[in-house]
Amino acid sequence: MAFEGSNDDDDDYDGGSPELSQQMTFTQTYADKSQPLHEAKPSENLKLSALNPATRHRITTNLSRALLFKSLSGEVIQRKTVLAEALGDTVKGGEMRAASVSNALFREANDRLEKVFGFSVGRVPLSMEESLSAKYKDRLYLINNVVDDEAGTHSINLHSAHAETSIEKGVLMIVLAFAFCKGHPIHKKKKGGGTTSNIRWISEFDLYSLLHRVDENIPGEPPSEEGRKKRGGRHSLSTHQDMIGAAQTPDIDALLEKFVHLDYLLKEKIEPPESSTESSALVGDDGKLIAYAMGPRAAMEIGRRQIIYFCSNVLGEQAPDPTMLAEIEEDEALDNEEGGDEEENYQEEDEVIEEEGNKSKRAKRER
């Protein structure tokens, strides 16, 4: 694959192909597997069942709606926050403790969303979890489980409803392709020892340079520090049919920030990779540079495998890069091995917390 490899082969990419319209076909592969919601303990299910039926219906409905509306509006879903919003006065009034039924309640809300809308609630993929910062541990995502047909009717209807969103989705696919296929794996220390490098990062300088080759109206360099503080981007997004040239070029600065906010992209300051050709002038005073990578939401909604097929399709190749597909399959095999251990550890942690709470109550009664 021409996108794979070091920056030495950048000159091979000319930004397009006169036969691109004939090469493009619909492809659909399964996305990266999200982690399911935590299992509810028997005690949680019993406590939820023991609630007044009206109360149980109300908090389940509140949680289902909050998950649905936050996801559709593009808000980030934090587990603790959305739970507190759903429970509201139920906890304040002393009817129950939020922690005592949380897993059972999320499971019930998830079942309702699946039956009514075909959505399921998931957590970040296990293959990414060790490489992500702590804030993503509490994040939840709504996954569309509707199976598409061979023509991609569902996907086309979903993503072609509005011209602006179609443009945004197209930009996102190109950015993800550059990030995953031109990026470098960054090794980070794991909590249990060893290192992990499941995420590929591309510097913002390389990303803007590549995007500029796709559309010359996109700036070839990222905005300056002063430019980042100004409101508005360096280009405006316009979908008017009479507009041509720069007027049709999306505001890349704003779109990248939007994708980061929605967890489609990750943005961090990283140490320059050993194989990187970045000039020392592009590195900050702290010795780091800003880089982008595929975010957990993109992994679960689109998937690394789909990105590889997308690149293969754009470049007119008959088959995707087998080495990159093998890398994903290896990650998936490790996920299957580690998934059970992770859930068991979570249950044990919950039991310890509950036992500590019971000890505290007994001590108060004795005093």
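Residues numbered from 1 in each chain as written. Predicted model: local features only at pLDDT ≥ 70, side-chain atom pairs only at ≥ 80, totals over all residues. Heavy atoms only, no water.

A few words on the nonpolar core. With 51 residues, the main nonpolar core has Leu176, Trp201, Leu207, Leu256, Leu265 and Ile307 as its most contacted residues. At 10 residues, the largest contribution of residues to this core is made by helix α9 (residues 163-182). Non-local contacts of leucine 256, meaning those with residues more than four positions away in its chain, are made with Val175, Leu207, Tyr208, Leu265 and Tyr292. Within the second largest apolar cluster, 24 residues are counted, among which are Leu83, Leu87, Phe106 and Phe119. (Core = buried A, V, L, I, M, F, W, Y, C linked by side-chain atoms within 4.5 Å. Buried < 20%, exposed > 50% of the residue type's maximum accessible area, 1.4 Å probe, protein only. Helix = DSSP H or I, 4+ residues; strand = E, 2+ residues; numbered from the N terminus. Contact = heavy atoms within 4.5 Å.)

What follows deals with the sheet that holds strand β8 (residues 200-203). The antiparallel open sheet is built from 4 strands, whose spatial order is β5-β8-β10-β9. Looking at the sheet topology across the chains shown, the edges are occupied by β5 (184-185) and β9 (265-270). Relative to β8, β5 runs antiparallel, the two being bridged by 2 bridges. By the bridge assignment, histidine 184 is partnered in β8 with tryptophan 201. (Pairing = 2+ DSSP bridges.)

A word on the packing of helix α10 (residues 204-214) against helix α12 (residues 252-261). At a minimum axis separation of 13 Å, α10 and α12 run at an interaxial angle of 125°. By the criterion of interaxial angle, the relationship of α10 to α12 is oblique. Where α10 crosses over α12, the two elements pack in a sense that is right-handed. Along the contact surface, α10 presents Leu207, Tyr208 and Leu211, while α12 presents Ile252, Asp253 and Leu256. Its residues assigned to classes, the contact of α10 with α12 comprises 5 nonpolar, no polar and 1 charged. (Axes fitted to C-alpha atoms, helices over the stretch in contact; angles between N-to-C directions. Parallel < 35°, antiparallel > 145°, perpendicular 65-115°, else oblique. Left-handed = near helix turned anticlockwise from the far one by under 90°. Nonpolar A, V, L, I, M, F, W, Y, C, P; charged D, E, K, R; others polar.)

Turning our attention to the side chain of aspartate 263. Counting through the fold element by element, aspartate 263 comes out in the loop between α12 and β9. Ignoring any residue separated from it by four or fewer positions in sequence, one finds aspartate 263 in contact with Val76, Tyr136, Arg139, Tyr141, Gly295, Pro296, Arg297 and Ala298.

Burial of strand β3 (residues 119-123) is extensive: 5 of the 5 residues sit out of reach of the surface. Across the two faces of β3 the burial is the same, with Phe119, Val121 and Arg123 and Ser120 and Gly122 all buried. Both strand β1 (residues 35-36) and β3 contribute to a ladder of 2 bridges, which runs antiparallel. From the neighbouring strand, glutamine 35 faces β3, where its bridge partner is arginine 123. Where β3 meets strand β4 (residues 139-144), 4 bridges bridge the pair, whose relative direction is antiparallel. Pairing of serine 120 across the sheet is with isoleucine 143, part of β4.

For the rest of this paragraph, the subject is the packing of aromatic side chains. Summed over the entire model, instances satisfying the criterion amount to 1 aromatic pair. Taking the centre distance of 6.3 Å and the plane angle of 20° together, the rings of phenylalanine 117 and phenylalanine 119 count as stacked. Here phenylalanine 119 falls in the buried class, since its relative accessible area comes to 17%. Positioned above the aromatic ring of tyrosine 136 is the side chain of arginine 139, whose terminal nitrogen or guanidinium carbon lies 5.0 Å from the ring centre. A cation sits over an aromatic face here: arginine 200 above phenylalanine 180, 5.3 Å from the ring centre. (Phe/Tyr/Trp six-rings, centres within 6.5 Å; stacked < 30°, edge-to-face > 60°. Lys NZ or Arg CZ within 6 Å of the ring centre and 35° of its normal.)

Before going further, it helps to spend a moment on helix α3 (residues 53-72). Helix length check: α3, at 20 residues, gives a terminal C-alpha distance of 28 Å against a target of 28 Å (1.5 Å per residue), a fit within 8%. Buried residues of α3: Thr55, Ile59, Thr60, Thr61, Leu63, Ser64, Ala66, Leu67, Leu68, Lys70 and Ser71, and no others. A side-chain oxygen of the first residue of α3 lies 2.8 Å from the backbone nitrogen of alanine 54; this N-cap is asparagine 52. One or two steps after α3, the chain reaches glycine 74, where phi turns positive at roughly 85°. (Expected span 1.5 Å × (residues − 1). Polar contact = N/O pair within 3.5 Å; in protein donor to acceptor, adjacent residues only side chain to side chain.)

Before going further, it helps to examine the environment of leucine 289. In this fold, leucine 289 is placed in strand β10 (residues 289-294). In this structure leucine 289 comes out as buried when scored by relative accessible area, which is 3%. For the pair leucine 289 and lysine 269, spaced 20 residues apart in sequence, the C-alpha separation works out to 5.2 Å.

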